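# Residue-level structure breakdown
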Amino acid sequence: QVQLVESGGGLVQPGGSLRLSCAVSGSFFRVNSEDWYRQAPGQQRELVATLSTGGFTNYADSVKGRFTISRDNAKNTVYLQMNSLKPEDTAVYFCHKNLFGVDYWGQGTQVTVSS
């Protein structure tokens, strides 16, 4: 079984930065990719960033150049560095991993960008 635990959310002013962390338990950390999704109130959950096992990354157009996804294999942790934050980045952010056809999600962490 895989468990994902996010942390690092909070309230930040526009233009500020936050780093989200996703601790991945279990022995399958290096199997398949990890993703970050977000869901704003009244909106569908959307894919923000993907990191493959080979280190390839992919980002939603709305966050390109501002967000960076990375991995620390020694800590079994995936990060999302978010810079130049905008009010429209406000959402609950979820860590996700698909393993052998099963979707695993974290509990989510709230990010609020407001002055």
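Look up: the structure comes first, before these words.
In this report, the structure presented in the accompanying data block is examined. Only a predicted model underlies this, so the values are computations on that prediction, with no experimental measurement involved.

The subject of this paragraph is the overall build of the protein. Along its length, the protein carries zero helices and eleven strands. Taking 2.2 N^0.38 as the reference for a compact globule, 115 residues should give roughly 13 Å; the C-alpha atoms of the protein span a radius of gyration of 13 Å, in line with that estimate. Dimensions of the protein, computed from the C-alpha atoms along their principal axes, are close to 40 × 25 × 25 Å. When the 115 residues of the protein are sorted by exposure, 40% land in the buried category. Considering only contacts within the protein whose residues lie at least 6 apart along the sequence, 53% involve residues at least 24 apart. With the model as given, the accessible surface of the protein reaches about 6,100 Å², and the carbon-plus-sulfur share is 47%.

For the coordinates displayed, the defined rule picks out one disulfide. Paired by a disulfide, Cys22 and Cys95 hold their sulfur atoms 2.1 Å apart. Because the sign of the S-S torsion sets the handedness, a value of about -85 degrees for the bond joining Cys22 and Cys95 places this disulfide among the left-handed ones. On the criterion of sequence distance, the pair formed by Cys22 in strand 3 (residues 18–25) and Cys95 in strand 9 (residues 91–99) is long-range, its members being 73 residues apart. Note on accessibility: Cys22 and Cys95 belong to one class, buried.

With that out of the way, let us pick up the sheet that holds strand 3. The strands making up a sheet are joined through hydrogen bonds of the backbone, oriented either antiparallel or parallel. The strand order 1-3-8-7 describes an open sheet built from four strands, whose pairing is antiparallel. This sheet does not close on itself; its edge strands, each paired only once, are strand 1 (3–7) and strand 7 (67–72). For this sheet, the mean inter-axis angle between neighbouring strands, taken without regard to orientation, is 20 degrees. With six bridges joining them, strand 3 and strand 8 (residues 77–82) adopt antiparallel strand pairing.

Reading the values: rules and limits
- Residues numbered from 1 in each chain as written.
- Predicted model: local features only at pLDDT ≥ 70, side-chain atom pairs only at ≥ 80, totals over all residues.
- Heavy atoms only, no water.
- Helix = DSSP H or I, 4+ residues; strand = E, 2+ residues; numbered from the N terminus.
- Rg over C-alpha atoms; globule rule 2.2 N^0.38 Å.
- Buried < 20%, exposed > 50% of the residue type's maximum accessible area, 1.4 Å probe, protein only.
- Contact = heavy atoms within 4.5 Å.
- Areas by Shrake-Rupley, 256 points an atom, 1.4 Å probe, with all protein chains shown as cover.
- Disulfide = S-S within 2.5 Å.
- Pairing = 2+ DSSP bridges.
- Axes fitted to C-alpha atoms, helices over the stretch in contact; angles between N-to-C directions.

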